[in-house]
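# Descriptive structure summary
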Amino acid sequence: MNWIKKFLNEFKDFALKGNVMDLAVGVIIGAAFKDIVTSLTENFINPILNFLTGATGWRFYSWPEIAAFGSAFLTAVINFVIMAFILFCIVKLVNSLTNIKLKKEDEKPEEPAAPTTKVCPYCLTEIAIGASRCPHCTSELNQ
Ligand SMILES: [Zn+2]
């Protein structure tokens, strides 16, 4: 069962590192933008093409129809803006959570550095830890 825990932890790190978030945001924005393009096609380009080519017979669209096209497109744009805003809030939230996590890791006390000096047992001065002879009293030090 330990490897499952390890796997989940690794996945959590991977998901929080931002790569997955960026990817997910890209996919969602792309899907939402596709709705705008679809709406643009259905509500503006198709009616114009139908009118120009006479596919639906030569007729002018009525004002209520044109208004319906316009409001459908406007709805798609508003949906996109709302969704982008919500996404922005989610990304900000996740980023701040990640930052809190990183700050906590920063607050961990650093491991004490390995000693680089020792005290000569003969003259009691501080000398380099690797010294085999004291530079002050020239005593030989058996390590
Ligand atoms: Zn010494």
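As shown above, the structure is provided for reference.
Computed from a predicted model, the values in this text were never measured in an experiment.

## A short note on a nonpolar patch on the surface
Taken together, the side chains of Leu74, Ile78, Ile82, Phe85, Ile86, Phe88 and Ile90 make up a nonpolar region of the molecular surface, amounting to roughly 690 Å² of accessible area. Turning to its location among the elements, leucine 74 is positioned in helix 3 (residues 63-107). Residue leucine 74 is classed as exposed on the basis of its relative accessible area, which comes to 51%.

## A closer look at the environment of cysteine 120
With respect to the secondary-structure elements, cysteine 120 resides in the loop between strand 1 (117-119) and strand 2 (126-128). Looking at cysteine 120, the relative accessible area reads 0%, which means it is buried. Residues cysteine 120 and proline 135, spaced 15 residues apart in sequence, show a C-alpha to C-alpha distance of 9.5 Å. Excluding residues that lie within four positions of it along the chain, cysteine 120 makes contacts with Thr125, Ile127, Cys134, Cys137 and Leu141.

## Quick notes on the nonpolar core
Core analysis: the largest hydrophobic core is formed by 5 residues, namely Cys120, Ile127, Ala131, Cys134 and Leu141. Beyond its immediate sequence surroundings of up to four residues, isoleucine 127 is in contact with Thr116, Thr117, Lys118, Cys120, Cys134, Pro135, His136 and Leu141.

Analysis parameters
Residues numbered from 1 in each chain as written. Predicted model: local features only at pLDDT ≥ 70, side-chain atom pairs only at ≥ 80, totals over all residues. Heavy atoms only, no water. Patch = residues over 30% accessible without salt bridge, like charges linked within 9 Å, V, L, I, M, F, W, Y side chains within 5 Å. Areas by Shrake-Rupley, 256 points an atom, 1.4 Å probe, with all protein chains shown as cover. Salt bridge = Lys/Arg side-chain N within 4 Å of Asp/Glu carboxyl O. Helix = DSSP H or I, 4+ residues; strand = E, 2+ residues; numbered from the N terminus. Buried < 20%, exposed > 50% of the residue type's maximum accessible area, 1.4 Å probe, protein only. Contact = heavy atoms within 4.5 Å. Core = buried A, V, L, I, M, F, W, Y, C linked by side-chain atoms within 4.5 Å.

Treat this as a map of the structure, not an account of what it does.
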